[in-house]
Amino acid sequence: MKRNLTLLAALVLCSTASAQTYTLEQCRTMALENNNKMKNSRLDVDIAGQTRREAFTNFFPNISAAGMAFDASHDMLRLSVPLELPIPGLTLPPLSMGMMKHGLMGGVTALQPLFAGRQVAAGNRLARIGEEAGGLKLKVSEREVNETVEKYFWQIVALRGKLETLDAVDRQLEQIRRDVEMAVKAGISTRNDLLRVELKQQETESSRLKVENGINVTRLLLAQYVGMPLEEPFDIETEAFGTPDAPESWYTDAAAAAKLRPEARLLDKNVEASKQQIRMTRGRNMPTVGVGAGYLYHDLSGQDNDFGMVFASVSVPITGWWGGSHAVRREQLKRRQAENDRRQAVEMMQVEITQCWNELQEAYKQILLARKTITSATENLRLNEDYFRAGTVSLTDLLDAQTLLQQGRDLLTDASADYRVKLAKYLLVTGR
């Protein structure tokens, strides 16, 4: 049994060692390349490009060809010609004639629009705006993907920091256990104190299982997000949090940063598109002029006939002007809505940037507070250990002191990870 456990542990260590590790920058690069959101965003850009190319073809003539062959059950054109002779009493039956029992028809025409109420030009501008908007949406997706990668990455680092804290707690509890065992043998403490230490050790082991499970799940989420096959071993290079710089060096003006964000430029494109939509709607109520040429062929009477022709066409929507004026007014109102939405969205972006800045400052102050807490808790634990060995404090006070130190270390780990996430988000929402 012991040999099997040893082999199992060796296999786990080998599989962990063979897992390739990735830095935060490598995870970002892989996510931008392989994440499903990025793939679909790039496809959206390609789709918008194809739409623009499709709209460009409307500048060229529309060429079409058509043909037909038929075979009727009888002549479609019948004639009956009476025959009258100048001989009294002599009559002849009428002469019957038939045509178009079968035949062939075909032709090719080309129509070039000369004026269509500027709909073709406006449609091309709309398509170009759509392509530019696709590029801006891609940038928004890049920011969201980077933000999510940062969150998962630092969650793993924070959880591993908690594992280190649990290791330190285990060592402290083991020392406390030895002290209690000696006290029990000396008759100073009771068996109940030893059981209390064992319960604390079991509580720590339970916390370890939860943390390890959290690491495994978050690591799988990050692997899936960056596009790694889930069956392949995946791990990250754990980075030390270190001492963060004061956030003042990262500050930027919220109003200026909001106007430079891709979301703001995307809203500008929306307003520009609404203006082109007004031109499109107005163009539908204007005359259209076109010229064309064609070649036609038919064989309806057993004889080939072909000819060419040129033509011009003019279409004037007379009754459409009535409803069309309301349609133009509707699009103008939609443009005002787009302008209002843009104004509100930019203001909300400023609020978001200010909020992110405040959260970044708060996260930095939480780190400073957690360090003070650790310093105080460490000294408190040291004193309680001395007092416990001297028999002046109870085991409960000692375990409480150890718990306070553990909470302080966890607080520092969470605050450090939160600071990294908040800093990344602040840089992203300010366009950096």
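Being a predicted model, the structure only gives us computed values, none of them experimental. (Residues numbered from 1 in each chain as written. Predicted model: local features only at pLDDT ≥ 70, side-chain atom pairs only at ≥ 80, totals over all residues. Heavy atoms only, no water.)

1. Observations concerning the overall build of the chain
So, step 1. Counting secondary structure elements, the chain contains 9 helices and 8 strands.
So, step 2. The globule rule puts the C-alpha radius of gyration for 432 residues at 22 Å, and the 41 Å found for the chain is more than 25% above it.
So, step 3. Projecting the C-alpha coordinates of the chain onto the three principal axes gives extents of approximately 160 × 60 × 30 Å.
So, step 4. A burial count over the chain gives 34% of its 432 residues as buried.
So, step 5. Across the chain, contacts joining residues at least 24 apart in sequence account for 82% of those joining residues at least 6 apart.
So, step 6. Accessible surface computed for the chain: about 26100 Å², of which carbon and sulfur atoms make up 57%. (Helix = DSSP H or I, 4+ residues; strand = E, 2+ residues; numbered from the N terminus. Rg over C-alpha atoms; globule rule 2.2 N^0.38 Å. Buried < 20%, exposed > 50% of the residue type's maximum accessible area, 1.4 Å probe, protein only. Contact = heavy atoms within 4.5 Å. Areas by Shrake-Rupley, 256 points an atom, 1.4 Å probe, with all protein chains shown as cover.)

2. Some details on the environment of Ala116
So, step 1. Within the element layout of this structure, Ala116 appears in the loop between strand E5 (102-115) and helix H4 (119-185).
So, step 2. Of the residues examined, Ala116 reaches a relative accessible area of 18% and is grouped as buried.
So, step 3. Considering only alpha carbons, one finds Ala116 and Pro287, 171 residues apart in sequence, at a separation of 6.6 Å.

3. What to know about H4
So, step 1. With 67 residues, H4 extends 97 Å between its outermost C-alpha atoms, agreeing within 8% with the 99 Å of an ideal straight helix rising 1.5 Å per residue.
So, step 2. Just past H4, the residue Gly187 takes up positive phi, approximately 80°. (Expected span 1.5 Å × (residues − 1).)

4. Digging into the pattern of salt bridges
So, step 1. Summed over all chains, the structure comprises 27 salt bridges.
So, step 2. The shortest N-O distance in the salt bridge between Arg28 and Glu150 comes to 1.8 Å. Taken as a pair, Arg28 in helix H2 (residues 24-34) and Glu150 in helix H4 lie far apart in primary sequence, 122 residues in all.
So, step 3. Take Arg28: its relative accessible area is 24%, and that puts it in the partly exposed class.
So, step 4. Among the residues examined, Glu150 registers a relative accessible area of 4% and is labelled buried.
So, step 5. Note that Glu352 is salt-bridged to Arg261, the shortest N-O span being 3.1 Å. A residue pair is termed long-range when its members are at least 10 positions apart, and Glu352 in helix H8 (residues 320-390) and Arg261 in the loop between helix H6 (254-260) and helix H7 (262-283) qualify at 91 residues.
So, step 6. Sharing partners across several salt bridges, the network here consists of Asp179, Glu379, Arg382, Asp386 and Arg389. (Salt bridge = Lys/Arg side-chain N within 4 Å of Asp/Glu carboxyl O.)

5. Overview of helix H3 (residues 36-56)
Side chains of residues three or four places apart in an α-helix project in the same direction, reflecting 3.6 residues per turn.
So, step 1. Over its 21 residues, H3 runs 30 Å from end to end, which matches the ideal 30 Å to within 8%, given 1.5 Å per residue.
So, step 2. Of all the positions in H3, only Met38, Ser41, Ala48, Gly49 and Ala55 are classed as buried. Axial view of H3: buried residues confined to an arc of 125°, hence all on one face. For H3, exposure combined with an orientation more than 90 degrees from the buried face picks out Asn36, Ile47, Gln50 and Glu54.
So, step 3. Against the buried residues of H3 lie H2 and H4.
So, step 4. The backbone nitrogen of Lys37 has a side-chain oxygen 2.9 Å away, supplied by the residue at the start of H3, namely Asn35. (Arc of directions from axis to C-beta. Polar contact = N/O pair within 3.5 Å; in protein donor to acceptor, adjacent residues only side chain to side chain.)

6. So, the pairing of strand E8 (residues 305-315)
So, step 1. Here strand E7 (residues 288-299) pairs with E8 via 11 bridges, running antiparallel. Across the sheet, the residue bridging to Gly290 is Ser313, located in E8. (Pairing = 2+ DSSP bridges.)

7. Notes on the nonpolar core
So, step 1. In this structure, Cys27, Val149, Phe153, Leu222, Val226, Phe234 and Ile236 are the most contacted members of the largest nonpolar core, which totals 29 residues.
So, step 2. Every element with two or more residues in this core is listed here: H2, H4, helix H5 (191-225) and strand E6 (234-236).
So, step 3. The element contributing the most residues to this core is H4, with 12 residues.
So, step 4. Ignoring sequence-local partners within four residues, the contact set of Val149 consists of Leu24, Cys27, Arg28, Ala31, Leu222, Tyr225 and Val226.
So, step 5. The next biggest cluster of nonpolar side chains, apart from the first, holds 20 residues, and it includes Met349, Ile353, Ile367 and Ala415. (Core = buried A, V, L, I, M, F, W, Y, C linked by side-chain atoms within 4.5 Å.)

8. Points about the packing of aromatic side chains
So, step 1. Scanning the entire structure with this criterion turns up 8 aromatic pairs.
So, step 2. Ring centres of Tyr22 and Phe234 lie 5.3 Å apart, and the angle between their planes is 20°; this geometry places the pair in the stacked category. Within this pair, whereas Tyr22 is found in strand E1 (residues 20-22), its partner Phe234 is found in strand E6, the two being separated by 212 residues in sequence. Like Phe234, Tyr22 is buried.
So, step 3. Each residue in the set Phe56, Phe59 and Phe60 is aromatic and connected to the rest through ring pairs, giving one cluster. (Phe/Tyr/Trp six-rings, centres within 6.5 Å; stacked < 30°, edge-to-face > 60°.)

9. Here's the deal with the sheet that holds E7
Hydrogen bonds between backbone atoms are what pair the strands of a sheet, whose relative direction is either parallel or antiparallel.
So, step 1. On the basis of which strands lie adjacent, the open sheet formed by 4 strands has the order E2-E5-E7-E8 and antiparallel pairing. The two strands at the open ends of the sheet, each matched to only one other strand, are strand E2 (62-71) and E8. Pairs of neighbouring strands in the sheet enclose a mean axial angle of 15°, with direction left out of account.
So, step 2. Pairing analysis gives 10 bridges linking E2 to E5, with the strands arranged antiparallel. If you follow Ala69 over to E5, its bridge partner there is Leu104. (Axes fitted to C-alpha atoms, helices over the stretch in contact; angles between N-to-C directions.)

10. Some remarks on a positive patch on the surface
So, step 1. A grouping of Arg118, Arg125, Arg128, Lys275, Arg279 and Arg282 is seen on the molecular surface, where their side chains present a positively charged patch.
So, step 2. Of all the secondary-structure elements, those providing two or more residues to the positive patch are H4 and H7.
So, step 3. Counting residues per element, the positive patch draws most heavily on H7, which supplies 3 residues.
So, step 4. When you line up the elements, Arg282 lands in helix H7.
So, step 5. A relative accessible area of 34% means that Arg282 is categorised as partly exposed. (Patch = residues over 30% accessible without salt bridge, like charges linked within 9 Å, V, L, I, M, F, W, Y side chains within 5 Å. Lys, Arg positive; Asp, Glu negative; His and termini not counted. Charge placed at Lys NZ, Arg CZ, Asp CG, Glu CD.)

11. Observations concerning the packing of H7 against H8
So, step 1. In contact at an axis separation of 9 Å, H7 and H8 are set at 175° when each is read in the N-to-C sense. What the angle tells us is that H7 and H8 run roughly antiparallel. Residue-level contacts link Glu263, Ala264, Leu267, Asp268, Asn270, Val271, Ser274, Lys275, Gln277, Ile278, Thr281 and Arg282 of H7 to Ala327, Val328, Glu331, Gln332, Arg335, Ala338, Glu339, Arg342, Ala345, Val346 and Met349 of H8.
So, step 2. Along the lines of polarity and charge, the residues of the contact of H7 with H8 split into 10 nonpolar, 5 polar and 8 charged. (Parallel < 35°, antiparallel > 145°, perpendicular 65-115°, else oblique. Nonpolar A, V, L, I, M, F, W, Y, C, P; charged D, E, K, R; others polar.)

Read these as spatial facts, not as claims about activity.
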